[in-house]
Amino acid sequence: MSHSFDAAALPTPDGLPAEVPDLVVAHLSDTHLTSTGVLYNGVIDPAAALARVTDALARARAQGRAPDIIVVSGDLTDSGDPDAYRHLRAVLAPLAPQVVYATGNHDVRAVFHAELLGEPGREGPILQVHRLAGVRILVLDSTVVGAGHGVLEPGHLAELAAELDQPYPGGSMVVLHHAPLPPPSPLLTYFALDRRSRAALAEAVAGSDTRIILAGHHHLAGSGLVGGVPVAIAPSTAIRTDPLAPPGHERTYGAAGFNLVRLFPDGTVSVSVVPVDDTPEIFHLDETGCAAVIAAHPIYTPTSSTAHVPNSR
């Protein structure tokens, strides 16, 4: 595939140039990297699972579809092993010009700060502010030391609100680990972001330039609204929660995926869930094949004689 391919030149039903995003974000979450030789939940090799995702991103990069930014929304490691953070940084750095990390309840804040933010000795939550061309990324820390649920501290939220008071060219993207939406399973209900934090976050982003909130923690792709702002939850790179387990049961599967978030010049944001599995390829059309399908399906344009006339009765 040619890297000089002009996506805007693709045919559209209205004859206008095809919409091309300003920014493409690969949103990963819940990598749960363990210490060497340790399996996640005693079953899954999270490094091997992550490798399947990074292989998919590397193939995309080789074919001219590299993301501009990678965001990883927490539970980067399962126990805070410094080597696990270093491994994550090493495998993601070649795949995009910018990688942004959030901390989750399985992470160890002090180690995360030292290894990924270059902030050794910082114990409290840090509001990360990444001012990039086309978007401002604001990363919250929703972790509670020693606990699995999430809380956004009032002072931390005040920092967010103060930053959002100053609009940014291209708007903002807010990232946190604990999804600010009702959870899909019994255990996640107990380990959720508390409702006070959800309400306070909604108040902070409502009416601001926030275009989307990215989160994880549910191990399941999802979406919703908070304060009128879209929320996209990325699947885990290692495991998938089953929201249709019997009532009161927690059931998971070994499955991986990530989200592809695209930001367009007119303010539109689209989110695609990309599963990473071993399902077979069904068809693969090149540019000539796509053109042949389009040629076989011409656009129907109503004429004056065939246009619908409303019933005057």
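So, how was this worked out
Residues numbered from 1 in each chain as written. Predicted model: local features only at pLDDT ≥ 70, side-chain atom pairs only at ≥ 80, totals over all residues. Heavy atoms only, no water. Buried < 20%, exposed > 50% of the residue type's maximum accessible area, 1.4 Å probe, protein only. Helix = DSSP H or I, 4+ residues; strand = E, 2+ residues; numbered from the N terminus. Pairing = 2+ DSSP bridges. Axes fitted to C-alpha atoms, helices over the stretch in contact; angles between N-to-C directions. Contact = heavy atoms within 4.5 Å.

This part is about the pairing of strand β1 (residues 23-28). When you tally the buried positions in β1, you get 6 out of 6 residues, the bulk of the element. One ladder, built from 4 bridges, connects β1 with strand β2 (residues 69-73); its direction is parallel. Following the sheet pairing, V25 is matched in β2 by I69.

Spatially, the 6 strands line up as an open sheet ordered β4-β5-β6-β7-β9-β8, and their pairing is mixed. Strand pairing shows two members of the sheet lacking a second neighbour, β4 (128-132) and β8 (222-226), which therefore form its edges. Along the sheet, successive strands turn relative to each other by an average axial angle of 20°, direction set aside. Where β4 lies against strand β5 (residues 135-139), 5 bridges are found, and the strand directions are antiparallel. Within β5, the residue paired with V129 across the bridge is L138. Contacting β4, β5, β6 (172-178) and β7 (210-216), helix α4 (residues 154-164) runs over the sheet at an angle of about 170° to β5. Of the strands in this sheet, β6, β7, β8 and β9 (229-233) are in contact with helix α6 (residues 195-205), which crosses β8 at around 70°.

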